[in-house]
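The residues making up each chain are set out below.
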Amino acid sequence: MARLLKNREILLLVIIVIMVSGFSTRAPGFASPANLANIFNDTSILIILALGQMTVILTKSIDLSVAANLSFTGMAVAMTNAAYPDLPLALLILMAPGIGALLGAINGFLVWALQIPPIVVTLGTLTIYRGMAFVLSGGAWVNAHQMAPSFLNIPRMPVAGLPILAWIAILIVIGAWFVLTRLPFGRATYASGGNPTAAIYAGINIGWTRFVAFVLSGALAGLCGYLWVSRYAVAYVDIAIGSELDTVAACVIGGISIAGGIGTVAGAVLGSLFLGVIKNALPVIGISPFAQMAISGIVIVLAVVFNARAEKKAGRIILRDRGAKEVSA
Amino acid sequence: MANDLPLPEAETPVLEMRGISQIFPGVKALDSVSIQLFAGQVTALIGENGAGKSTLVKILTGIYRPNEGEILIDGEPVAFASAQAAIDAGVTAIHQETVLFDELTVAENIFLGHAPRTRFGMIDWRQINSRAKTLLAALETEIDPTIRLRDLSIAQRHLVAIARALSVEARIVIMDEPTAALSRKEIDDLFRIIEGLKRQGKAILFISHKFDEVYEIAENFVVFRDGRAVGHGRLKETPQDLIVRMMVGRDVKDVFPKVAARIGAPVLSVQGYSHPTEFHDISFELRQGEILGLYGLIGAGRSELCQSLFGVTRPSSGRLALEGKTLAIRSSSDAIRAGIVYVPEERGRHGLALPMPIFQNMSLPSLSRTSRSGFLSAANELALARTYAERLDLRAAALSVPVGTLSGGNQQKVVIGKWLATRPKVIILDEPTKGIDIGSKAAVHGFISELASEGLSIIMVSSELPEILGMSDRVMVMREGLSAGLFEREQLSAEALVRAATGNI
């Protein structure tokens, strides 16, 4: 048991289970299947964004523009739907990740070709993309009645007990797991972040790897643009503002090293669910939204401290021979 | 008194180190070393790369605390608890790579950390600038103390570093290869400054590879080899040959398990390889089953040459042919595909992604071979890793543990295994046994020999003479980016290689 708890993902899962059962003593029904499904559905967008963020972070980069990308893309598809209600829905659903990928490619290009630090690039594009959403819409809202019912309903349609939105998140989790563990590109992301120099020596093009990671993150953010707008049935400039920090927080809580090269899909998903559970539980047990933000913040700092300690421990073993014996298979 | 009496041997040294040992995990960097420094005299510290000179400097400047032994200043034992304690005790150092701040002014650089204060505890700018001016004037230079460091030339920066070292009340000055970046004229200026310091009665420890300089400026010498002080005395009474022999030491050829391999046709041919700053006009041939040793001092351009052969950097001119076919290597993946691989010097920095499992590190350059129709195959990767782990006798709990949990020797095996797994034709080993213990060294040497006898062509970069002498079929020596000679095995001698590498013909 103690060994199992050393595994970051299992530990996090146990903490989430404890939290849920703790909350259900205060708020009956919190642990009911319907409410859990609801929390998962609520967290779906964060999970998708966090998986993109994770891919970028693995390569020793960061993408702060995901929420702005979501906002612009969401606005673009909502306005397209409002202006041309006859366009097939499939086209719009393809358009969202397409626009997102393009915006991600801009980030990736600046990082790769111009060698600008990712945090600077995406801090810039964060403002630019949000500004573009404002220019596009002129600051106006796109409301539910302007959008086609099918456009709005698809993500909420329940299939086998879960809304399509949740199913999309599940598919993307599987896809991300597949890409990161079964494709050479996935290995390249871990290697580029784990040791960029060693990656270059091993024949990996780390610039290209980072570029692709940004494109993926952008495409997922774009897809979330459509999902967000249809789920909340409204598009305006400030949607999902600040969510980029939630995605980073989810990654950090999930044990993804901010220095790159370490992390799993399960970690990112559980980190997102952890935040999702807190966000859903605190109002139920009567804690003010202001305290919620403080609590999330404390959890994030604790997670970073925890990560830093875990990483330092791993580093110290390098100097010692007995390190190898400490690890049993 | 004007008569020059020889200094009595009983004179108390300003600084004395007795029986100093410094032990790092797996390596004894210094083994009960004793040295003495005298007022008004320069003592030269001579030794190969890795002989323990830098460790000694770090002990004297309070960065390392020795495991054994004592340091005495004026006969009184002292212990340096920190770098500041060493400065307070009167020890100052001019480091090999000057550690200064580009964006600060000259005066700020000189007084950083010990700036004079006003009565109110504020930094006394007027005094900083005027004292900096005085210090620089003493060094016979007219650098304006108020300009930023980045506007100075390399040599001027060096003078600032010297001024910084002298800005504290120091009686013991350590100079770690101070001439490495200087031209002949600047070296002359530096020597005038050193003469001035001698007249002020300072005790100087001067570290250099260059014998002509050592004989020019120093009175005494200490030779280090493998962490031990193997000789000391007065330079005036000691011929250069003797010092070279002390540096090189033993006759070790038979310790190395070099098997006479059958040497075949040329595999790799390099013609006129040049780089804008690191090396110029390097040509050589490497034959099948041959071990070509690449010897030289640190900074001679050996690693840089190897990196460009491997496509990490690009040469500005030159031609490379593998098995008679001219190749244009633009990236490391080109090199790997062609069959040239490079095992870098610093395992942690260049060789391994420490958080990743052993088998993933090993398969990283071979993924195109282990993958099935574009998908990674863990089974194939594990099989590949297992093959080479067995061959190299890798000791690990499991192939799925992170490489970071292994010892240095085993990490080195992972690096070598990773490159062998690409089935190369030419393998470049950069300092293959640096920082690993004696036992693993012998195993690595045996293995290198075995590879050569299997027909692999090997370039082995090494700063350790015994290793170069014991393992190489031929040796190319590099000095300051140029080829300083190719030696056949029959012509190999430690003296010849050291002479070629240091330019002391």
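The shown structure was predicted, so the numbers you read here are calculated from the model rather than taken from an experiment. (Residues numbered from 1 in each chain as written. Chains lettered and ligands numbered in written order. Predicted model: local features only at pLDDT ≥ 70, side-chain atom pairs only at ≥ 80, totals over all residues. Heavy atoms only, no water.)

Of regular secondary structure, chain A possesses 15 helices and two strands. At 20 Å, chain A has a C-alpha radius of gyration in line with the 20 Å of a compact globule built from 329 residues. Seen through its C-alpha atoms, chain A measures out along the principal axes to roughly 70 × 55 × 35 Å. For chain A, the computed accessible surface area is about 14,600 Å², with 73% contributed by carbon and sulfur atoms. Distance from the positive charge centre (19 side chains) to the negative charge centre (10 side chains) of chain A: 12 Å. (Helix = DSSP H or I, 4+ residues; strand = E, 2+ residues; numbered from the N terminus. Rg over C-alpha atoms; globule rule 2.2 N^0.38 Å. Areas by Shrake-Rupley, 256 points an atom, 1.4 Å probe, with all protein chains shown as cover. Lys, Arg positive; Asp, Glu negative; His and termini not counted. Charge placed at Lys NZ, Arg CZ, Asp CG, Glu CD.)

All names here are of chain B. For chain B, the assigned domains read domain 1 (15-248), domain 2 (253-339 + 424-505) and domain 3 (349-423). One C-alpha centre belongs to domain 2, the other to domain 3, and the line joining them spans 25 Å. Of the residues lining the interface, 15 residues belong to domain 2; the matching set on domain 3 comes to 11 residues. Linking domain 2 to domain 3 there are one salt bridge. Notably, a salt bridge pairs Glu-454 with Arg-391, separated by 3.0 Å at the nearest N-O pair. Residues that form the side of domain 2 that touches domain 3 fall into these classes: 10 nonpolar, two polar and three charged. (Domains from an automatic or database assignment. Contact = heavy atoms within 4.5 Å. Salt bridge = Lys/Arg side-chain N within 4 Å of Asp/Glu carboxyl O. Nonpolar A, V, L, I, M, F, W, Y, C, P; charged D, E, K, R; others polar.)

Moving on, we get to the sheet that holds strand 9 (residues 220-225) of chain B. All names here are of chain B. Pairing within the open sheet is mixed, and its six strands lie in the order 6-7-8-3-9-10. Because the sheet does not close on itself, it has two edges, and the strands there are strand 6 (91-94) and strand 10 (228-234). Neighbour to neighbour, the strand axes of the sheet diverge by 20° on average, direction disregarded. Here strand 3 (residues 42-47) pairs with strand 8 (residues 203-207) via four bridges, running parallel. When the bridges of strand 8 are listed, Val-42 appears paired with Ile-204. (Pairing = 2+ DSSP bridges. Axes fitted to C-alpha atoms, helices over the stretch in contact; angles between N-to-C directions.)

What follows deals with the sheet that holds strand 13 (residues 291-296) of chain B. By way of backbone hydrogen bonds, the strands of a sheet pair with one another, either parallel or antiparallel. Residues and elements named next belong to chain B. Spatial ordering of the open sheet is given by 16-17-18-13-19-20, a layout of six strands whose pairing is mixed. Taken across any chain shown, the strands that pair with only one partner, and hence form the sheet edges, are strand 16 (340-343) and strand 20 (482-488). Neighbour-to-neighbour, the strand axes of this sheet turn through a mean angle of 20°, independent of strand direction. By the bridge criterion, four bridges tie strand 13 to strand 18 (residues 457-461) in an arrangement that is parallel. Within the sheet, the bridge partner assigned to Gly-293 lies in strand 18 and is Met-460. Along the sheet, helix 9 (residues 302-309) makes contact with strand 13, strand 16, strand 17 (426-430), strand 18 and strand 19 (474-479), crossing strand 13 at roughly 135°. Strand contacts of helix 18 (residues 494-502): strand 13, strand 19 and strand 20, with the helix running at about 30° to strand 19, the strand carrying the most contacts.

With 38 residues of chain B at the contact, the number on the chain A side is 29 residues. Roughly 2,500 Å² is buried in total at the junction of chain B and chain A, and carbon and sulfur atoms are behind 65% of that figure. If you look at where chain B meets chain A, you find one salt bridge. Across the pair Glu-381 of chain B and Arg-187 of chain A runs a salt bridge whose closest N-O atoms are separated by 2.6 Å. The interface formed by chain B and chain A includes six residue pairs in polar contact (both at pLDDT 80 or more). Where the side of chain B that touches chain A is concerned, the elements lending two or more residues are helix 10 (332-338), helix 11 (347-351), helix 12 (358-363) and helix 15 (408-420) of chain B. Classifying every residue of the side of chain B that touches chain A gives 21 nonpolar, 14 polar and three charged. (Buried area = accessible area lost by both parts, 1.4 Å probe. Polar contact = N/O pair within 3.5 Å; in protein donor to acceptor, adjacent residues only side chain to side chain.)

Our focus in this paragraph is the pairing of strand 19 of chain B. Residues and elements named next belong to chain B. Among the six residues in strand 19, five count as buried, and that is most of the element. Where strand 13 and strand 19 come together, five bridges link them in parallel fashion. The residue bridging Leu-294 from the neighbouring strand is Met-476, located in strand 19. As paired strands, strand 19 and strand 20 are joined by five bridges and run antiparallel to one another. Paired with Arg-479 across the two strands is Leu-482, which belongs to strand 20. Once strand 19 ends, the chain turns through two residues before running back antiparallel as strand 20, passing Glu-480 with a positive phi of about 50°. (Buried < 20%, exposed > 50% of the residue type's maximum accessible area, 1.4 Å probe, protein only.)

All names here are of chain A. Here, the residues flagged by UniProt with the feature "transmembrane region" (unreviewed entry) are residues 39-59, 90-112, 119-142, 162-180, 210-229, 250-278 and 290-310. Note that residues 90-112 is 100% helix and 0% strand, and that its end C-alpha atoms are spaced 32 Å apart. Helix makes up 62% of residues 250-278 and strand 0%, with an end-to-end C-alpha separation of 12 Å. (UniProt positions renumbered as here; feature names shortened; annotations may be inferred.)

Let us look at the pattern of salt bridges. All names here are of chain B. Throughout the structure, instances matching the rule amount to 20 salt bridges over all chains. The partner of Arg-150 in a salt bridge is Asp-151, with the nearest N and O atoms 4.0 Å apart. Given the relative accessible area of 54%, Asp-151 is considered exposed. Here the salt bridges share partners, and the residues they tie into one network are Glu-103, Arg-148, Arg-150 and Asp-151.

Moving on, we get to the side chain of Ser-272 of chain A. Residue and element names in this part refer to chain A. With respect to the element layout, Ser-272 can be found in helix 13 (residues 265-284). Overall, Ser-272 belongs to the buried group, its relative accessible area being 0%. When neighbours within four sequence positions are excluded, Ser-272 is seen to be in contact with Thr-43, Leu-46, Ile-47, Ala-50 and Ala-250.

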